[in-house]
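Chain by chain, the residues:
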There are 2 protein chains.
Amino acid sequence: MNEGQMTDGKRRVGVVGAGQLARMMEQAAIPLDIELVLLAADAHDGAAQVVPEVIVGSPDDPAALRQLAERVDVLTFDHELVDPETLAALEADGHQVWPSSATMALAQNKRRQRAELGAAGFPIPAFANVESVADIVTFAETHGWPVVVKASRGGYDGRGVWIVRDADQAKAVWDDAQAHGTVLLVEEFLPLERELAVIVARNPSGETAVYPAIETVQRDGVCNELKIPLLGDEAHAAEAERIAREIATTIGAVGILAVEFFVSRGTLLVNELAPRPHNSGHWTIEGAQTSQFEQHLRAVLDLPLGATGLNGAAVATINVLGPQDGSDPRDRLADALRLPGAHVHFYGKGARPGRKLGHVTVVGDDLNEAFARAQDAASVLQGESR
Amino acid sequence: MNEGQMTDGKRRVGVVGAGQLARMMEQAAIPLDIELVLLAADAHDGAAQVVPEVIVGSPDDPAALRQLAERVDVLTFDHELVDPETLAALEADGHQVWPSSATMALAQNKRRQRAELGAAGFPIPAFANVESVADIVTFAETHGWPVVVKASRGGYDGRGVWIVRDADQAKAVWDDAQAHGTVLLVEEFLPLERELAVIVARNPSGETAVYPAIETVQRDGVCNELKIPLLGDEAHAAEAERIAREIATTIGAVGILAVEFFVSRGTLLVNELAPRPHNSGHWTIEGAQTSQFEQHLRAVLDLPLGATGLNGAAVATINVLGPQDGSDPRDRLADALRLPGAHVHFYGKGARPGRKLGHVTVVGDDLNEAFARAQDAASVLQGESR
């Protein structure tokens, strides 16, 4: 469909980026008769395969972003790597952009996240901006070695993070960052008891909805497993849910906001914000009364938010990664579907070793059983014998 | 995407027709990375709005059907009004067509349905083919007036059915049918205690899966309400589920087969077959472990079938019809989403009075409460004060 064929009665949402998050948004958009329009870097991106109206262009191209904004009621995002100044210019011209340019700027800048959340009274790790190698050493003299040095912008899933054990390592990291023009901050090295994540939604009218906190288990720096409900740390879970809701309101977030937390020395600390549907919320598609993707669309369109309770006693979600032999999990779909209750989600991506190609969710009465079944299905898809 | 860009690893299913059934199939196709290709009569049809690859053409055009078949792994249907001979020619050329041309022929011909199901020992109403007005009168002399005269092909939702009370009415119906070239059959007029429907799925390997029987409540000849589970006639429900599974196996159905039943004078009788996802199965999207749309895709691709149990204690589904004042229910979406647990499905159709525009499903612990909430949401969408 081109814009000349726009049908009355439909809401139109533009999505910058066409990866799996936009793809899962489309699944949620169909029943609500919301039309997505994508700005895809490549016409074969995961979401571009399933959405009829696609603009092929770069998220760095202001003209492409404007073209998208002019076709839709609201602009939103599959990823946060979009220039906030370009978005601010669109807002100034009356376009709806959610999350706002201000939220996108905050999400892209770890220094500002730490500074603003700390100033607002939210619990955060000790940190300092790094303008010289001496700043790292001085911080370490106060807080002890090792310290954690981070890129302020662009790091995720364990990339852009360095554990620094002494002044020599500090100099090496600093020199490398300088060479790449990377802005750094330094934080205390925290003994992690666990990591939590909370998905919160907020609409422009100020309504909020919070999903149950989940524990994110990192393996090789990537979170591949979700178990819901979180068992064994209910007090921190409840506190994390409260803080996530308050952060969403404080920063004026609109859409889904994922808030990641550390629990260290018995204390809950805010780690990172991601203003979009999040890996740690994929369980909600079958596991919650409203999926995070439907919730995101409802929020950015200022529709009332949906209920966030569980659809069963327990939910388990496990990622499907590209097998080392290069084989394609889609070729083993039949074997996975033989396992009762396995909900398979593929992202429309070609198989490459280690690439995140999809996930499996199982909803059940017992968490261990649901987890075992989800793991079985993921293993089958990955061609592993169990 | 055009066929030259076909991506490895994907399964491709061609759908003849682009109405709401194909639209809901697309929602189920996305997570399994199944690509749908549509043959749409109109580029603006409900499913054509959400599927990138659409051939615009008539289901009566053999060349268009062949073009579709050549682009996909399997051909299936949004409606049963496709010429079985054209489909048989495609099968003869090695194309996968599910349901088969034979099943489609059976579904289109009420005379053959009655004759074949009766010959196979399934319980059916007394009937006779009508080749003259005398056949109606003779049948009535045996079974008593009134009798029910039906068009053998094309009737559904109460159209193409006449209650005939005497020889004069019989002549009027006969003359009218002759004028329209309509082939007729006559059946006994049954006092209906209730009507049941069973959705069964079967794949080419012979695996079957049956959803719980539901009661279909007709108002003005249209079924607008579903309540699951069926309460108060468990024996007939179980018998209907058993018969539906046997019919699917007997006729070699592939995909979803909906079997409609009468309960009359304490006896269960098979009424009609529809070899496709069915109105009476829309509750399965949120209410069952596997939606009928996913199940249909799994079946026609010869993938293992999914579990058919309920996701909650109770499920209620109510249609959303176009209000008499011509207003658009999509304009009242916000009010409906304010009701907790209301899952709204729009079919991408413009509002016209009485037109089926969507449905609402509520899953809950209590059937009466779920039904009341679904009814509230449908009423809100229809602009009715309650």
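Residues numbered from 1 in each chain as written. Chains lettered and ligands numbered in written order. Predicted model: local features only at pLDDT ≥ 70, side-chain atom pairs only at ≥ 80, totals over all residues. Heavy atoms only, no water.

**Describing the environment of B:Glu195**
Thought 1: Mapped onto the elements, B:Glu195 comes out in strand β10 (residues 192-202).
Thought 2: Taking the C-alpha atoms as reference points, B:Glu195 and B:Gly350, separated by 155 residues in sequence, lie 31 Å from one another. (Helix = DSSP H or I, 4+ residues; strand = E, 2+ residues; numbered from the N terminus.)

**What about the sheet that holds strand β6 (residues 127-130) of chain A?**
Residue and element names in this part refer to chain A.
Thought 1: One open sheet accounts for 4 strands, arranged β6-β9-β7-β8; its pairing is antiparallel. Every interior strand has two partners, whereas the edge strands, β6 and β8 (161-164), have only one. On average, adjacent strands in this sheet sit at an angle of 25 degrees to one another, irrespective of strand direction. (Pairing = 2+ DSSP bridges. Axes fitted to C-alpha atoms, helices over the stretch in contact; angles between N-to-C directions.)

**Some points on the interface of chain A and chain B**
Thought 1: Opposite the 36 residues of chain A that make contact, chain B presents 36 residues.
Thought 2: Taken together, the two surfaces of chain A and chain B that pack against each other cover about 3600 Å², and 56% of this comes from carbon and sulfur.
Thought 3: Three residues, A:Ile30, A:Arg330 and A:Leu337, lead the burial of chain A against chain B; their summed loss comes to 17% of the area buried on that side.
Thought 4: Seen at the junction of chain A and chain B, the total is 4 salt bridges.
Thought 5: The closest approach of N and O atoms between A:Asp33 and B:Arg330, which form a salt bridge, is 2.6 Å.
Thought 6: Between chain A and chain B we count 14 residue pairs in polar contact (both at pLDDT 80 or more) in total.
Thought 7: If one sorts the elements of the side of chain A that touches chain B by residue count, strand β17 (residues 343-346) of chain A sits on top with 4 residues.
Thought 8: The residue inventory of the side of chain A that touches chain B, partitioned by class, reads 15 nonpolar, 10 polar and 11 charged. (Contact = heavy atoms within 4.5 Å. Buried area = accessible area lost by both parts, 1.4 Å probe. Salt bridge = Lys/Arg side-chain N within 4 Å of Asp/Glu carboxyl O. Polar contact = N/O pair within 3.5 Å; in protein donor to acceptor, adjacent residues only side chain to side chain. Nonpolar A, V, L, I, M, F, W, Y, C, P; charged D, E, K, R; others polar.)

**Digging into the packing of helix α4 (residues 101-108) of chain A against helix α5 (residues 110-119) of chain A**
All names here are of chain A.
Thought 1: For the pair α4 and α5, the least separation of the axes is 5 Å and the interaxial angle reads 105 degrees. As judged from the angle between their axes, α4 and α5 are roughly perpendicular. Packed against α4, whose contacting residues are Ala102, Ala105, Leu106, Ala107 and Gln108, the element α5 presents Lys110, Arg112, Gln113 and Glu116 at the interface.
Thought 2: Of the residues that constitute the contact of α4 with α5, the class distribution is 4 nonpolar, 2 polar and 3 charged. (Parallel < 35°, antiparallel > 145°, perpendicular 65-115°, else oblique.)

**A word on unusual backbone geometry**
Note on backbone geometry: most residues besides glycine have negative phi, and most peptide bonds are trans.
All names here are of chain A.
Thought 1: Residue Pro99 is bonded to the preceding Trp98 through a cis peptide linkage, with omega at -5 degrees.
Thought 2: Following Trp145, the chain continues into Pro146 via a peptide bond in cis, with omega recorded as -10 degrees.
Thought 3: Mapping Pro146 onto the fold places it in the loop between α6 (133-143) and β7 (147-151).
Thought 4: In this model, Asp33 sits at a positive phi of 55 degrees, which is unusual for a non-glycine residue.
Thought 5: Among the structural elements, Asp33 can be located in the loop between α1 (20-29) and β2 (34-40).
Thought 6: With relative accessibility at 3%, the residue Asp33 sits in the buried group.
Thought 7: Phi at Arg265 takes a positive value of approximately 50 degrees, unusual for a residue other than glycine. (Buried < 20%, exposed > 50% of the residue type's maximum accessible area, 1.4 Å probe, protein only.)

**A word on the sheet that holds strand β5 (residues 96-97) of chain B**
Strand pairing within a sheet occurs via backbone hydrogen bonds; the two strands may be parallel or antiparallel.
Residue and element names in this part refer to chain B.
Thought 1: An order of β3-β2-β1-β4-β5 is seen for the 5 strands of this open sheet, with the pairing classed as parallel. Of all strands in the sheet, those bounded by a partner on one side alone are β3 (54-56) and β5.
Thought 2: Strand direction decides the pairing type here: strand β4 (residues 74-77) and β5, joined by 2 bridges, are parallel. Within β5, the position partnered with Leu75 by the bridge is Val97.
Thought 3: Strands β1 (11-16), β2 (34-40), β3 and β4 of the sheet are contacted by helix α2 (residues 62-71), whose axis makes an angle of about 175 degrees with β2.

**Notes on the packing of aromatic side chains**
Residue and element names in this part refer to chain A.
Thought 1: Applying the stated criterion to the full structure yields 2 aromatic pairs over all chains.
Thought 2: Geometrically, the ring pair formed by Tyr211 and Trp283 is edge-to-face, given 6.3 Å between the ring centres and 85 degrees between the ring planes. Linking Tyr211 in the loop between β11 (208-210) and β12 (214-219) with Trp283 in the loop between β15 (267-274) and α9 (284-287), this pair joins segments that are 72 residues apart in sequence. Neither residue differs from the other here; Tyr211 and Trp283 are each classed as buried.
Thought 3: Over the aromatic face of Phe371 sits the side chain of Lys227, whose NZ or CZ is 4.3 Å from the ring centroid. (Phe/Tyr/Trp six-rings, centres within 6.5 Å; stacked < 30°, edge-to-face > 60°. Lys NZ or Arg CZ within 6 Å of the ring centre and 35° of its normal.)

**Regarding the relation of the copies chain A and chain B**
A rotation about an axis combined with a shift along that same axis relates the two copies of the chain.
Thought 1: For the pair chain A and chain B, the best superposition has an RMSD of 0.0 Å and corresponds to a rotation of 180 degrees with a translation of 0.0 Å parallel to the axis. Expressed as a symmetry operation, the mapping of one chain copy onto the other fits a two-fold axis. Taking C-alpha positions as reference, the residue of chain A nearest the rotation axis is A:Pro52, located at 2.1 Å. (Least-squares fit on C-alpha atoms with pLDDT ≥ 70 in both.)

**Some remarks on the nonpolar core**
Thought 1: Counting 92 residues, the largest nonpolar core has A:Leu36, B:Leu36 and B:Val344 as the members making the most contacts within it.
Thought 2: In this structure B:Leu36 touches B:Val13, B:Val15, B:Ala22, B:Met25, B:Glu26, B:Ala29, B:Val51, B:Glu53 and B:Leu297, once residues within four positions along its chain are discounted. (Core = buried A, V, L, I, M, F, W, Y, C linked by side-chain atoms within 4.5 Å.)

**A closer look at the pattern of salt bridges**
Thought 1: In the structure shown here, the tally under the stated rule is 43 salt bridges over all chains.
Thought 2: Note that A:Arg112 and A:Glu116 form a salt bridge whose closest N and O atoms lie 3.0 Å from each other. Note that A:Arg112 and A:Glu116 are positioned in helix α5 at a spacing of 4 residues, about one turn of the helix.
Thought 3: What makes A:Glu116 partly exposed here is its relative accessible area of 36%.
Thought 4: A salt bridge links A:Glu188 to A:Arg265; its shortest N-O distance comes to 4.0 Å. One end of the pair, A:Glu188, is in strand β9 (residues 184-188); the other, A:Arg265, is in the loop between β14 (255-264) and β15, and 77 residues separate them in sequence.
Thought 5: Classification of A:Glu188 as buried rests on a relative accessible area of 18%.
Thought 6: Taken together, the shared-partner salt bridges in this structure form one network comprising A:Lys10, A:Asp33, B:Arg23, B:Asp328 and B:Arg330.

**What to know about a negative patch on the surface**
All names here are of chain A.
Thought 1: Residues Asp60, Asp61, Asp83 and Glu85 make up a contiguous surface patch of negative charge.
Thought 2: The topology assignment puts Asp60 in the loop between β3 (54-56) and α2 (62-71).
Thought 3: Judged by its relative accessible area of 60%, Asp60 falls in the exposed class. (Patch = residues over 30% accessible without salt bridge, like charges linked within 9 Å, V, L, I, M, F, W, Y side chains within 5 Å. Areas by Shrake-Rupley, 256 points an atom, 1.4 Å probe, with all protein chains shown as cover. Lys, Arg positive; Asp, Glu negative; His and termini not counted. Charge placed at Lys NZ, Arg CZ, Asp CG, Glu CD.)

**Considering α2(A)**
Residue and element names in this part refer to chain A.
Thought 1: Of the residues making up α2, those classed as buried are Ala64, Leu65, Leu68, Ala69 and Arg71. In an axial view of α2, the angular spread of the buried residues amounts to 165 degrees, which keeps them on one side of the axis. Away from its buried face by more than 90 degrees, α2 exposes Ala63 and Glu70.
Thought 2: Where α2 is buried, its residues contact β1 (11-16), β2, β3, β4 (74-77) and α3 (84-92).
Thought 3: Measuring from the backbone nitrogen of Ala63 back to the side-chain oxygen at the start of α2 gives 2.9 Å, which picks out Asp61 as the cap. (Arc of directions from axis to C-beta.)

**As for the packing of α3(A) against α4(A)**
All names here are of chain A.
Thought 1: Two numbers describe how α3 lies on α4: the axes approach to 8 Å, and their chain directions differ by 170 degrees. Here α3 lies roughly antiparallel to α4, going by the angle between them. Facing Pro84, Leu87, Ala88 and Glu91 of α3, the residues of α4 in contact are Ser101, Met104, Ala105 and Gln108.
Thought 2: The residue makeup of the contact of α3 with α4, split by class, is 5 nonpolar, 2 polar and 1 charged.

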